[in-house]
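Summary of the model geometry
Listed below are the residues making up each chain.
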Amino acid sequence: MNMQVWIEETIAADRKKALPVLSFPAVQMMGITVRDLIGSSDYQAKAMKLVADRVDTAASVSFMDLSVEAEAFGSSVRVTDDEVPTVVGSLIDEDSDPQGIFVPSVGAGRTGLYLEAIEKVVPLVEDRPVLAGIIGPFSLAGRLMDISEIMVLCYEEPELVHAVLDSCARFLKEYANAYKQVGADGVVMAEPLAGLLSPSLVDEFSTRFVRSIVDAVQDESFAVVYHNCGGGVVKAIDAVLATGAMGFHFGNAIDMAEIVPLVPSDRLVMGNVDPAGELRNGTPESVRSKTLAVMEACCSYPNFVISTGCDIPPMAPWENIEAFFSAVEEFYTVR
């Protein structure tokens with residue numbers, strides 16, 4: 001698919017399809033656990049197909065599982081039946097040798113399985129782009145070094161952090177390119193940890209590494225959508241836009257109406273109904289209200305696409321998810 005044309009057509013459309021980060025709740029339709037899902041490429045492909053058949057989204061988005069790449073590097077991962085996996089512990093500390101950082105081959109751990117899932121689902125979902133999921137370089141480095149530790153080391157041992165980021169970016173370029181080779185139309189790159197950096201540090205420790213990945217893989221047939229759900233993203237918007245991504249996705253820690261005017265009109269900007277507070281723990285009525293409120297505030301900008309602020313939790317009730325889509329339809333019907 002020509003993703004540049006897809007973006008142009010999306011921006012030009014009077015009625016825009018929603019693009020929530022929706023994949024994990026398929027476990028409810030399948031009668032399986034999250035543990036089952038993340039261990040089977042067949043289950044993952046089926047899950048994405050079931051979601052695509054059930055709701056008319058602008059794109060089919062894969063799983064925002066931010067443990068996959070760290071696990072490939074050797075991190076330990078906690079897996080449960082009904083929550084997204086999480087990384088535990090750390091592999092690298094201030095005493096680590098920057099020259100000795102292990103960089104895995106693409107296919108290590110579950111990365112090969114996730115690649116297989118995208119390869120299997122691409123022929124099944126032909127009416128919209130298929131976007132794979134990868135983590136961003138600073139967010140990966142934070143999982144390898146411990147999130148609290150890396151924030152301190154950005155000041156005390158910046159050379160070490162840079163070395164880890166070089167390794168992360170090198171792996172992520174290869175991983176994103178592998179998704180491209182198996183047929184994905186792009187990736188959603190989740191870089192939430194950069195949202196905790198001060199604006200002056202975002203460029204040094206995130207943007208230039210993200211940009212190196214974007215420059216290596218993005219072209220008219222393959223888009224990078226940058227996701228950041230941090231509260232500091234508005235102040236750091238110049239560094240965020242400098243990543244060069246075709247699209248930007250922001251979380252509910254910010255007022256979406258503040259950031260939409262700051263994004264160039266030829267780039268998609270998406271967000272930001274609260275996936276945990278509303279889709280998981282709200283009611284159909286509260287989801288409707290929040291969705292309409294975001295759309296009222298932002299849809300006057302042609303490049304805005306309604307979405308969730310992050311990925312929808314596995315056990316979010318489908319009645320709430322359906323209420324989100326019904327609210328989108330209601331907005332465009334009565335507008």
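Numbers given to residues run from 1 along each chain, matching the order in which its sequence is written. Under the rules for a predicted model, residues below a pLDDT of 70 receive no local features and side-chain atom pairs below 80 are neither given nor counted, while totals for whole chains, interfaces and linings still include all residues. Heavy atoms throughout the structure, all of them, feed into the side-chain values; hydrogens and water do not.

Examining unusual backbone geometry
Applicable threshold: The way it works is that DSSP assigns letters per residue, a run of H or I at least four long becomes a helix, a run of E at least two long becomes a strand, and they are numbered from the N terminus.
For the bond from G271 to N272, the omega torsion is -15°, close enough to zero to count as cis. For N272, the location among the structural elements is in strand 8 (residues 268-273). Despite not being glycine, D146 has its phi angle at roughly 90°, a positive value. Tracing the sequence through the fold places D146 in the loop between helix 7 (137-145) and helix 8 (147-156).

A closer look at the packing of helix 9 (residues 158-181) against helix 10 (residues 199-217)
Two packed helices can be described by the angle between their axes and the distance between those axes. Cut-off, in case you're wondering: For every element, the axis is a line fit to its C-alpha atoms; helices are fit only across the contacting stretch, and the angle between N-to-C directions ranges from 0 to 180 degrees. Orientation categories follow fixed angle ranges, with anything under 35 degrees roughly parallel, anything over 145 roughly antiparallel, 65 to 115 roughly perpendicular, and all other angles oblique. Crossing handedness is defined as follows: a turn of the near helix away from the far one that is anticlockwise and smaller than a right angle gives a left-handed crossing, while the clockwise case is right-handed. Throughout, a residue-residue contact means that at least one pair of heavy atoms, one from each residue, lies within 4.5 Å.
It is the contact of helix 9 with helix 10, at a shortest axis distance of 9 Å, that shows an interaxial angle of 25°. What the angle tells us is that helix 9 and helix 10 run roughly parallel. For the pair helix 9 and helix 10, the sense of crossing is right-handed. Contacts between helix 9 and helix 10 involve P158, V161, H162, L165, D166, A169, L172, K173, A176, N177 and K180 from the first element and E204, F205, R208, F209, S212, I213, A216 and V217 from the second.

Examining the packing of aromatic side chains
Working definition: an aromatic ring pair is given by the centre-to-centre distance plus the angle between the planes. Filter applied, for reference: Aromatic pairs are defined between Phe, Tyr and Trp rings, using the six-membered ring for Trp, whenever the two ring centres lie within 6.5 Å; interplanar angles under 30 degrees are classed as stacked, those over 60 as edge-to-face, and all others as tilted. When a residue's accessible area, from a 1.4 Å probe over protein chains only, is under 20% of the maximum for its type it is buried; when over 50% it is exposed; and in between it is partly exposed. Note on criteria: charge over ring means Lys NZ or Arg CZ within 6 Å of the ring centre, with the direction from the centre no more than 35 degrees off the ring normal.
Going through the model one piece at a time under the given rule, you end up with eight aromatic pairs. With a centroid separation of 6.4 Å and 5° between ring planes, the pair formed by F248 and F250 is classed as stacked. Under the relative-accessibility criterion, F248 is labelled buried at 0%. Directly above the ring of W318 sits R54, whose terminal nitrogen or CZ lies 4.2 Å from the centroid.

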